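Each chain is listed here by its residues.
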Amino acid sequence: MIVISITAPTMKEALLDIKQAKNADLIELRLDLIKDITLSGLEKLIKNKRKRIIVTDRRKRLKLIRKAIELKVDYIDLDIMVGEETIREIISEKNNTKVIVSFHDYRKTDKRGINRRYAQIKKLKPDVIKIAAFARDINDNNVIFDLIKKAGIENKKIIALCMGKKGQVSRILSVMYGAEFIFCSLREGKEAAPGQITAETLKNIYRVCDLKEPKIFGLVGNPVKHSKGFIVHNKAFGKMNMRNVYVNFLVEDLAGFIRAYKGMISGLSVTIPFKREVIKYLDKVDPIAEEIGAVNTIVKRAGKLIGYNTDVKGAIDAIKEKINIRNKKVLIIGAGGVVRAIAFGIKKEKGKLVIINRTVKKAEVLAKELNCEYGGLDKINEYTGIDVLINGTSIGMFPDVNKTPVKKTLLRKIVCRESVVFDSVYNPSMTKLLKDAASLGCSVISGEKMFINQAGHQFKLFTGRRM
Ligand code: NAP
């Protein structure tokens, strides 16, 4: 069940937020955050009830808790730090109100500590046990998943999650693994704890209420927060009625992640900075990905991890819709991960390739692998008559939307009306470079097109079906 935490600082705002919490099965009233809360105010909040309510007061004011019980609130949440004796007393007075006893560690996820707290809370016989710990590493989420499984075997109702950016995976998957509730925010900026996701996203994108023990796919990278893959894949899974979910794994130690999650995942997208490093952890690599030396897609088949590269096909398909690449002069700006894939594809299509980059050495290394021309970004004005211009840098990406790798006056000299200009940046979809190129009469291709193409190929590899 979806619980929306009401984090309003005043009674007035709390009443408004409760009205807006339409996506919630329950609402959690965080009394400690409502500055003007009083006993009569609490009565107003509980009596004005639109949803079932959990009353929480992290300031441990037992007067408010007892009042909530008297008002027959559905749940109260007592922190274990209130003390065992007090908790026993309140449990004996609770009537029909259900009691959640919780433990929070805002600094770390300590497996032994958590299991000890679980055992301590279990002895108090609350209706629900809640454990929330801070994830310092993506693998901390597994401590939470193991705990939920253990509670399931012992027939105990549990809410368990990791807080923080690296713990978001647990917020999405814990309910699917059998946790009672998931705590979410009303909207961005209204989080009650670090890493809380909005109820709208959990319900409509991740479908947390509909999926039980789904097949797990995801993105592994660092950072992952700007990626839109989770929207594309989850929406497609939903539309096609598939019991799959796609989550973002924010990873620092790739080897540790693969070890811990290999058994759990069915497939992965791979992004910065792991596209090359990941190869050493795979059982097999598709020949194209092997040649490029970068993997952006992993599929698990019969327990084996197999790597592919769908970036190359995603980009080349998009360009070929506009122009036949053979013998065309193609100038690529950049020499990072995405350029590696695109440049490889251009060579395969027999385009005449030049790679220019801010750091010339990187352009040189790649150009030598591909046997093509290279140069520094500062020499861009030396190139003319370019049929296909490709931006493979992040220049122009949100929030720097007014930046471009090639000023319009220079662009006019490099390309002509028949040229194609492709920007790998997909946020925004029309970058400054593309706007300038379009105004000069060139055909333009947005990075969005490449992104959707590669995600489509990835989806086919993940599921065997067309997106
Ligand atoms: P990367 O490996 O980090 O490479 C970044 C490249 O951009 C390097 O060549 C770097 O030059 C250059 N660069 C960055 N800032 C620059 C600046 N201020 N001035 C000049 N050059 C600069 O990154 P990547 O994975 O290749 O990603 C590059 C872009 O492609 C990003 O915008 C990303 O969002 C986009 N992308 C799009 C898709 C898609 O499907 N559309 C897929 C993947 C990536 P140096 O070598 O000198 O540092």
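Higher on the page you've got the structure.
About the cut-offs
- Residues numbered from 1 in each chain as written.
- Predicted model: local features only at pLDDT ≥ 70, side-chain atom pairs only at ≥ 80, totals over all residues.
- Heavy atoms only, no water.
- Helix = DSSP H or I, 4+ residues; strand = E, 2+ residues; numbered from the N terminus.
- Contact = heavy atoms within 4.5 Å.
- Polar contact = N/O pair within 3.5 Å; in protein donor to acceptor, adjacent residues only side chain to side chain.
- Near = heavy atom within 4 Å.
- Areas by Shrake-Rupley, 256 points an atom, 1.4 Å probe, with all protein chains shown as cover.
- Nonpolar A, V, L, I, M, F, W, Y, C, P; charged D, E, K, R; others polar.
- Phe/Tyr/Trp six-rings, centres within 6.5 Å; stacked < 30°, edge-to-face > 60°.
- Lys NZ or Arg CZ within 6 Å of the ring centre and 35° of its normal.
- Pairing = 2+ DSSP bridges.
- Axes fitted to C-alpha atoms, helices over the stretch in contact; angles between N-to-C directions.
- Patch = residues over 30% accessible without salt bridge, like charges linked within 9 Å, V, L, I, M, F, W, Y side chains within 5 Å.
- Salt bridge = Lys/Arg side-chain N within 4 Å of Asp/Glu carboxyl O.
- Buried < 20%, exposed > 50% of the residue type's maximum accessible area, 1.4 Å probe, protein only.

> Which parts of the structure should I look at to understand the environment of Ser269?
Mapped onto the fold, Ser269 is located in strand β11 (residues 265–270). Along the chain, Ser269 and Asn453 lie 184 residues apart, while their C-alpha atoms are 14 Å from each other. For Ser269, the contacting residues outside a window of four places in its chain are Gly218, Leu219, Val220, His233, Tyr246, Asn296, Gln458 and Phe462. Only 2.9 Å separates the side chain of Ser269 from the side chain of Gln458, close enough to count as a polar contact.

> Sorry if this is basic, but what is going on with the site of the ligand here?
Looking at the ligand, there are 22 residues lining it, with Ala335, Val338, Asn357, Thr359 and Lys362 nearest. Residue Ala335 places a main-chain N or O atom 2.9 Å away from an oxygen atom belonging to the ligand. Here Asn357 contributes a side-chain N or O atom positioned 2.8 Å from an oxygen atom of the ligand. Calculation on the ligand without its partners gives an accessible area of 910 Å², and the protein chains cover 78% of this total. Mapped onto the shell around the ligand, the elements with two or more residues apiece are α13 (337–348) and α17 (447–463). Counting residues per element, the shell around the ligand draws most heavily on α17, at 3 residues. Of the residues in the shell around the ligand, the class split is 10 nonpolar, 10 polar and 2 charged.

> For this particular structure, what's the right way to read the packing of aromatic side chains?
Each aromatic ring pair is specified by the distance between its two centres and by the angle formed by the two planes. Evaluated as defined, the whole model comprises 10 aromatic pairs. Pairing Tyr426 with Phe451 gives two aromatic rings, centres 4.6 Å apart and planes at 25 degrees, and the pair type is stacked. Linking Tyr426 in the loop between β19 (420–423) and α16 (432–439) with Phe451 in helix α17, this pair joins segments that are 25 residues apart in sequence. A network of ring pairs unites the aromatic residues Phe217, Phe237, Phe459 and Phe462 as a single cluster. The positively charged end of Lys149 is found above the aromatic ring belonging to Tyr177, 5.3 Å away from the centroid.

> Before we go on, may I ask you to explain the side chain of Glu28 in this structure?
Note on placement: Glu28 falls in strand β2 (residues 26–30). Within the structure, Glu28 has its side chain in polar contact with the side chain of Thr56 (distance 2.8 Å). Not counting the four nearest positions on each side in its chain, Glu28 is found in contact with Val3, Ile4, Ser5, Ile6, Ile54, Thr56, Arg58, Asp77 and Phe183.

> Could you clarify how one ought to interpret the sheet that holds strand β13 (residues 297–301) in this entry?
Strand pairing in a sheet relies on backbone hydrogen bonds, with the paired strands running either antiparallel or parallel. Spatially, 6 strands are ordered β10-β9-β11-β13-β14-β12 in an open sheet, and the strand pairing comes out mixed. A strand with exactly one partner marks an edge of an open sheet, and here the two such strands are β10 (244–250) and β12 (284–285). Taken together, the 5 bridges between β13 and strand β14 (residues 304–308) define a ladder with antiparallel strand orientation. Directly across from Lys300, in β14, lies its bridge partner Leu305. Contacting β9 (215–221), β10, β11, β13 and β14, α17 crosses the sheet at an angle of about 10 degrees to β13.

> Please explain the sheet that holds strand β8 (residues 182–184) as it appears in this structure.
The parallel open sheet is built from 8 strands, whose spatial order is β7-β6-β5-β4-β3-β2-β1-β8. If you trace the sheet from one side to the other, it starts and ends with β7 (158–163) and β8, each paired once. On average, each strand axis in the sheet is tilted by 25 degrees relative to the strand beside it, whichever way the strands run. In this sheet, strand β6 (residues 128–134) lies alongside strand β5 (residues 98–105) in parallel orientation, the contact comprising 6 bridges. Of the residues in β6, the one forming a bridge with His104 is Ala132. Across the sheet, helix α7 (residues 168–176) lies against β7 and β8, angled at about 160 degrees from β7, the strand it touches most.

> What is the right way to look at a nonpolar patch on the surface in this model?
A contiguous nonpolar surface patch, about 250 Å² in accessible area, is contributed by Met397, Phe398 and Val401. For Met397, the position within the fold is in the loop between β18 (388–391) and α15 (408–414). Note on Met397: relative accessible area 37%, which makes it partly exposed.

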